[in-house]
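Observations on the model geometry
What follows is the residue order along each chain.
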Amino acid sequence: MGNKIIRGLVFILAISIAGYAIVQYGFLNASNAGLVSFKLQKPNFELQPWIYVLYTHIFTAIFALIIGPFQLFIKPTNGRKRWHRLLGYGYVLSITVSGIVNVYLSIFATGGWISSLGFMSLDVLWVTTTFMATRKILVKDIQAHKVWMLRSYALTFSAVTLRILLAPLIFLLGDFEAAFRVVAWLCWIPNLIVIEVVISRMRLRRQQGFTTVTPK
């Protein structure tokens, strides 16, 4: 029951944040978004080409954010394997593209080098875990593939945790830029810690199950 609630919450938060980004950047004026409006206050900031790179990152990351729960939580039965494979290709491609453009965005991240290092570290780990998941499935190591996909999606989910944490951090620190320096790290490090705990528990359950069925 607890797992179903957690999975449902992940679905709801992922779709909610994706919907917010689509509405804010796809239908409303992007200059009204918090990050963009803050950058526009800087006298030496040039909106182009930064805004186009940001759009590329947002919409590729949104795709991965929405696809992830379907890949992780819905078992790929015989009838679904083809869709699972196709969506998996889309997930990897979207993260690859987003990872490339994120290098540019990280360099010009609000908050200076502290934010840049935080987002660059996230970017490297995001692409690496996704490629590791891909490598494992190519050699038919399904269990390892699942583990690396969990790590990959934990980092994809940083898009959600960033938006959840940013407003409280701004309130506590009283400054958008200071809050952004903190959230550049806090949006993904706890995610990885949590998912490593989940993975450890999964391994423990498998070991206990194996011990139970192994003949004495």
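The structure this text deals with has already been given above.
In this report, we go over the structure that sits alongside the text. (Residues numbered from 1 in each chain as written. Predicted model: local features only at pLDDT ≥ 70, side-chain atom pairs only at ≥ 80, totals over all residues. Heavy atoms only, no water.)

Description of a positive patch on the surface
A grouping of Lys-75, Lys-146, Arg-203 and Arg-206 is seen on the molecular surface, where their side chains present a positively charged patch. By secondary structure assignment, the location of Lys-75 is in the loop between α3 (50–73) and α4 (81–107). (Patch = residues over 30% accessible without salt bridge, like charges linked within 9 Å, V, L, I, M, F, W, Y side chains within 5 Å. Areas by Shrake-Rupley, 256 points an atom, 1.4 Å probe, with all protein chains shown as cover. Salt bridge = Lys/Arg side-chain N within 4 Å of Asp/Glu carboxyl O. Lys, Arg positive; Asp, Glu negative; His and termini not counted. Charge placed at Lys NZ, Arg CZ, Asp CG, Glu CD. Helix = DSSP H or I, 4+ residues; strand = E, 2+ residues; numbered from the N terminus.)

Here we look at a nonpolar patch on the surface
Together, Phe-171, Leu-172, Leu-173, Val-182 and Leu-186 give the surface a local cluster of nonpolar side chains, amounting to about 520 Å² of exposed area. Elements that contribute at least two residues to the nonpolar patch include exactly α7 (158–173) and α8 (176–186). No other element matches α7, which puts 3 residues into the nonpolar patch. The exposure class assigned to Val-182 is partly exposed, which follows from its relative accessible area of 34%. (Buried < 20%, exposed > 50% of the residue type's maximum accessible area, 1.4 Å probe, protein only.)

Some points on the nonpolar core
Core analysis: the biggest nonpolar cluster contains 48 residues, and Leu-65 and Phe-119 have the highest contact counts within it. Among the elements of the structure, α1 (2–26), α3, α4, α5 (112–138), α6 (142–156), α7, α8 and α9 (189–213) are those that each provide at least two residues to this core. Of all the elements, α3 adds the most residues to this core, at 10 residues. Setting aside anything within four residues of it in sequence, one finds Leu-65 in contact with Ala-14, Ile-17, Ala-18, Tyr-153, Thr-156, Phe-157, Ala-159 and Val-160. (Core = buried A, V, L, I, M, F, W, Y, C linked by side-chain atoms within 4.5 Å. Contact = heavy atoms within 4.5 Å.)

Some words on the side chain of Ser-98
Topologically, Ser-98 is positioned in helix α4. Residue Ser-98 is classed as buried on the basis of its relative accessible area, which comes to 0%.

Observations regarding the packing of aromatic side chains
This structure, assessed with the given rule, holds 9 aromatic pairs. Pairing Phe-11 with Phe-70 gives two aromatic rings, centres 5.2 Å apart and planes at 80°, and the pair type is edge-to-face. Remark: Phe-70 occurs in helix α3 and Phe-11 occurs in helix α1; sequence separation between them is 59 residues. Aromatic pair Tyr-104 and Phe-108: ring centres 4.9 Å apart, planes at 50°, arrangement tilted. Here Phe-108 falls in the partly exposed class, since its relative accessible area comes to 44%. Members of the aromatic cluster, each reached through a chain of ring pairs, are Phe-11, Phe-70 and Phe-73. Directly above the ring of Trp-148 sits Arg-151, whose terminal nitrogen or CZ lies 4.5 Å from the centroid. (Phe/Tyr/Trp six-rings, centres within 6.5 Å; stacked < 30°, edge-to-face > 60°. Lys NZ or Arg CZ within 6 Å of the ring centre and 35° of its normal.)

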